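Close look at the chain arrangement
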Amino acid sequence: MFYVLGGLMLLYQAWLNWRLQRALSGLISVPMTEQVADGVIALGGLLVLASGAALAALSAWAVVAFLAGWAIQAAYLLWANRSDLNDPVASGRQRSVHAFAGYTAATGLVMWLPVAGVLG
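Values in this document were obtained by computation on a predicted structure and should not be read as measured data.

1. Observations regarding the overall build of the protein chain
If you tally the helices and strands in the protein chain, you get five helices and zero strands. From first element to last, N terminus to C terminus, the protein chain shows the α and β order α-α-α-α-α. Within the protein chain, contacts between residues separated by at least 24 positions form 71% of all contacts whose residues are at least 6 apart in sequence.

If you want it as structure tokens, here you go:
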């Protein structure tokens, strides 16, 4: 259930970002990197939502969904951390890294569940 809520929060964040960018589009231009980042956040939110729903249903698709969610989050964090680490935005990303560590642990557990016969 936690991952379903987390996925919904990520989707809500992406939706708010898109609305803000649209509202400000007449005043400032939004860099393409910000637009790509918002798209990746939305994709990550969908994958986290799907992984939580698949796990709640005890579906074997939970493994695939968790691995896909893990991969998109890892790629995003590697891409986002290419910037200056002294930048306030980059230093605020530490919470995302901690959340990714928790998702990594959950992904490992979900990968073990078919071996234990829990997922069908």
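2. Concerning helix α2 (residues 32-56)
Residues three or four positions apart in an α-helix share a direction because the helix packs 3.6 residues into each turn. With 25 residues, α2 ought to run about 36 Å at 1.5 Å a step, and its terminal C-alpha atoms sit 36 Å apart, in line with that. When we look at burial in α2, the residues that qualify are Ala37, Asp38, Ile41, Ala42, Gly44, Gly45, Leu47, Val48, Ser51, Gly52 and Ala54. Where α2 ends, the next residue or the one after it, Leu58, has phi of about 55 degrees, a positive value.

3. A short note on the packing of helix α3 (residues 61-80) against helix α5 (residues 94-116)
A packed helix pair is summarised by two numbers, namely the angle formed by the two axes and the spacing between the axes. Packing of α3 against α5 brings their axes to within 9 Å, and their N-to-C directions diverge by 155 degrees. Our classification of the angle between α3 and α5 gives roughly antiparallel. Relative to α5, the crossing made by α3 is left-handed. Together, Ala62, Val63, Ala65, Phe66, Leu67, Gly69, Trp70, Gln73, Ala74 and Leu77 of α3 and Ser96, Val97, Phe100, Tyr103, Thr104, Ala106, Thr107, Val110, Met111 and Pro114 of α5 make up the contact between the two elements. Counted by class, the contact of α3 with α5 contains 15 nonpolar, five polar and no charged residues.

Definitions and cut-offs
- All chains use their own residue numbering, which begins from 1 and follows the written sequence.
- Thresholds applied to this predicted model are a pLDDT of at least 70 for local features of residues and 80 or more for the giving and counting of side-chain atom pairs; totals over whole chains, interfaces and linings are not thresholded and use all residues.
- Excluded from the side-chain calculations are hydrogens and water; all other atoms, namely the structure's heavy atoms, are used.
- The helix count covers DSSP runs of H or I at least four residues long, the strand count covers runs of E at least two residues long, and both are numbered beginning at the N terminus.
- Whether two residues touch is decided by their heavy atoms; if any such pair falls within 4.5 Å, the residues are in contact.
- The span you would expect from a helix comes to 1.5 Å times its residue count less one.
- The buried label applies to any residue whose accessible area, calculated with a 1.4 Å probe on protein chains only, is under 20% of its type's maximum; exposed applies above 50%, and partly exposed to all values in between.
- To obtain each axis, a line is fitted to C-alpha atoms, and for helices this fit is confined to the stretch in contact; angles are then taken between N-to-C directions over 0 to 180 degrees.
- Small angles under 35 degrees read as roughly parallel and large ones over 145 as roughly antiparallel, with 65 to 115 read as roughly perpendicular and the rest as oblique.
- In a left-handed crossing the near helix is turned counterclockwise from the far helix by less than a right angle, and in a right-handed crossing that turn is clockwise.
- Polar here means any residue other than Ala, Val, Leu, Ile, Met, Phe, Trp, Tyr, Cys and Pro, which are nonpolar, and Asp, Glu, Lys and Arg, which are charged; Gly is therefore polar.

So, to be careful, I would describe these as geometric facts and stop short of saying anything about function.
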